[in-house]
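Architecture and fold: a report
The lines below spell out each chain.
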2 protein chains.
Amino acid sequence: MGRTPPHPEVPQFDLQRILEALVDPVRRSIVTQLEAAGEDIKCGDFDMQVSKSTATHHFKVLREAGLIRQYYVGTSRMNALRRAEMDEAFPGLLDALTTPQARGVGLAVSTRSTL
Amino acid sequence: MGRTPPHPEVPQFDLQRILEALVDPVRRSIVTQLEAAGEDIKCGDFDMQVSKSTATHHFKVLREAGLIRQYYVGTSRMNALRRAEMDEAFPGLLDALTTPQARGVGLAVSTRSTL
DNA sequence: ATCGAAGTTTGACAGCCATCGTACTTTTGC
DNA sequence: GCAAAAGTACGATGGCTGTCAAACTTCGAT
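Residues numbered from 1 in each chain as written. Chains lettered and ligands numbered in written order. Predicted model: local features only at pLDDT ≥ 70, side-chain atom pairs only at ≥ 80, totals over all residues. Heavy atoms only, no water.

For chain A, the name recorded in an unreviewed UniProt entry is DNA-binding transcriptional ArsR family regulator, with Nonomuraea dietziae as its organism.

As C-alpha cells, then:
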C-alpha cells in the first residue's frame, strides 16, 4: 500500500481545521484513547462503533489536521498522537479537551446521521 | 420582546455543544471580539458579514451553549462573555482559543455555504 | 501461490445547519 | 399615535460531511 500518507507540519496547522476535526465525538474519542493509552494504537484496536470505512475517514481527518501521525507496521496502521507539536501550535487546547470534565461526556455515537 | 431568554447553568454545560458552537468561525469571532473588548457588546456592534437573521441564530447558539449571556437594554440586546463560568466548567478551553496563534486565522467568512 | 487480515477507495445517501429574505414584535423618540 | 430602530421568528434552500456497503490493494503466513 501507499507508503506514508501526507502529514502537515506545525507551521501549516490550522485552528479551524483542528476544531472541525475535534468537534466530532468519534474523532475526539480517538484522541482521548491515544492520550489515555500513552502509546501508539493500531486502527483496529480502538474502541468505536463505526464501520471500517468510516473509521478510515475519521483517521484521515485527524491526520490531515495534524492531530495524529500514521505509519505502517505490517498490514496494520499505527496511530500516534502528535501531542508536543499540537501543544507547540495551540498551547492548552488538547489539555482542555482531555480534562476529567471533558472526558465525562461525548464518548458515544456521532451526532450526525445516526441513520 | 421576551424578557430574558433561557440560559444554561454551569452544571448543564456540555462540551459537545460548546465545541459545536465554537467550531463556526463567525461565532468564534464573536467570542474573540467579546474577549478583546473586555466589556459587553450590543448585537449590532459586532464586526460580521452576515444578515441580521443569521446573526440572531449565531447568538442563540452561543447562548444555549452557555458561552454568552444576553440581556436587553432598550431595544438593544447586550452580550456578555461568560468567562468565569466557562473556565470553571472547562479550564483552559477559552484561553486556548483566544491565544495569539488562535486569533491569527479564522476571522473571515464561514466555511459552510458561501452560497 | 493462496488465503486471510487490515485498511483504503469509491459511490450513494441522508441529515444537519449556515444562510438569506420577509414578516412580525417591541421599544424608543418625536 | 406613528415611524424608525433593533432583533426575532419562520420557511426555504443548498452544501458539507458522517455513514455504510462493496470492491480493491497489500502484506504476512501457510
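In this section: the pattern of salt bridges. Within the structure shown, the criterion is met by twelve salt bridges over all chains. The salt bridge partner of Arg82(B) is Glu9(B), with a shortest N-O separation of 4.0 Å. Placement of Arg82(B) in the loop between strand E3 (76-81) and helix H4 (83-89) and of Glu9(B) in the segment before helix H1 (15-22) is noted, with a sequence separation of 73 residues between them. The exposure class of Arg82(B) is buried, given its relative accessible area of 3%. Judged by relative accessible area, which is 38%, Glu9(B) ranks as partly exposed. Where Arg83(B) meets Asp95(B), a salt bridge forms, and the shortest distance between an N and an O atom there is 3.1 Å. In this pair, Arg83(B) sits in helix H4 while Asp95(B) sits in helix H5 (residues 93-97), placing the two residues twelve residues apart along the sequence. Judged by relative accessible area, which is 42%, Asp95(B) ranks as partly exposed. Look at the salt bridges and you will find they share partners, linking Glu9(A), Arg69(A), Arg82(A) and Glu85(A) into a network. (Salt bridge = Lys/Arg side-chain N within 4 Å of Asp/Glu carboxyl O. Helix = DSSP H or I, 4+ residues; strand = E, 2+ residues; numbered from the N terminus. Buried < 20%, exposed > 50% of the residue type's maximum accessible area, 1.4 Å probe, protein only.)

Let's shift gears to the confidence of the model for chain A. In the predicted model, chain A carries a mean pLDDT of 89, and 84% of its residues have values of at least 70. Below a pLDDT of 50 lies the segment residues 105-115 of chain A, which in the model reaches 13 contacts outside its immediate sequence neighbourhood of four places, other chains included. (pLDDT = per-residue confidence, 0-100. Contact = heavy atoms within 4.5 Å.)

On to the packing of aromatic side chains, then. Residue and element names in this part refer to chain A. Using the criterion set out here, one finds two aromatic pairs over all chains in the structure. Ring centres of Phe 46 and Phe 59 lie 5.4 Å apart, and the angle between their planes is 55 degrees; on these two criteria the pair is classed as tilted. Here Phe 46 is found in the loop between strand E1 (41-42) and helix H3 (52-65), whereas its partner Phe 59 is found in helix H3, with 13 residues between them in sequence. Of the two residues examined, Phe 46 and Phe 59, each falls in the buried class. (Phe/Tyr/Trp six-rings, centres within 6.5 Å; stacked < 30°, edge-to-face > 60°.)

A word on helix H2 (residues 25-37) of chain B. Residue and element names in this part refer to chain B. With 13 residues, H2 ought to run about 18 Å at 1.5 Å a step, and its terminal C-alpha atoms sit 18 Å apart, in line with that. Along H2, the residues that are buried comprise Pro 25, Val 26, Arg 27, Arg 28, Ser 29, Ile 30, Val 31, Thr 32 and Leu 34. Looking at where H2 begins, the residue whose side-chain oxygen comes 2.8 Å from the main-chain nitrogen of Val 26 is Asp 24. Downstream of H2 by one or two residues, Gly 38 has phi in the positive range, about 75 degrees. (Expected span 1.5 Å × (residues − 1). Polar contact = N/O pair within 3.5 Å; in protein donor to acceptor, adjacent residues only side chain to side chain.)

Moving on to the nonpolar core. Most often, soluble globular proteins have nonpolar side chains that are buried together. Counting 58 residues, the largest nonpolar core has Ile18(A), Leu67(A), Leu93(A), Ile18(B), Leu67(B) and Leu93(B) as its most contacted members. Once you skip the residues sitting within four places of it in the chain, Leu93(B) turns out to touch Ala96(A), Leu97(A), Leu15(B), Ile18(B) and Leu22(B). (Core = buried A, V, L, I, M, F, W, Y, C linked by side-chain atoms within 4.5 Å.)

Residue and element names in this part refer to chain A. The strand order across the open sheet built from three strands is E1-E3-E2, with neighbouring strands paired in antiparallel fashion. Edge positions in the sheet fall to E1 and strand E2 (68-73), since each has one partner strand and no second. Strand direction decides the pairing type here: E1 and strand E3 (residues 76-81), joined by two bridges, are antiparallel. Across the sheet, Ile 41 pairs through a bridge with Asn 79, a residue of E3. Across the face of the sheet, helix H2 (residues 25-37) comes into contact with E1, E2 and E3 while running at roughly 80 degrees to E3. (Pairing = 2+ DSSP bridges. Axes fitted to C-alpha atoms, helices over the stretch in contact; angles between N-to-C directions.)

This paragraph deals with the packing of helix H1 (residues 15-22) of chain A against H3(A). All names here are of chain A. One way to put it is that H1 packs onto H3 with a least axis distance of 9 Å and a crossing angle of 155 degrees. Taken as axis vectors, H1 and H3 run roughly antiparallel relative to one another. Classified by chirality, the crossing of H3 by H1 is left-handed. Across the interface between the two elements, Arg 17, Ile 18 and Ala 21 from H1 touch Val 61, Leu 62, Glu 64 and Ala 65 from H3. Broken down by class, the residue content of the contact of H1 with H3 amounts to five nonpolar, no polar and two charged. (Parallel < 35°, antiparallel > 145°, perpendicular 65-115°, else oblique. Left-handed = near helix turned anticlockwise from the far one by under 90°. Nonpolar A, V, L, I, M, F, W, Y, C, P; charged D, E, K, R; others polar.)

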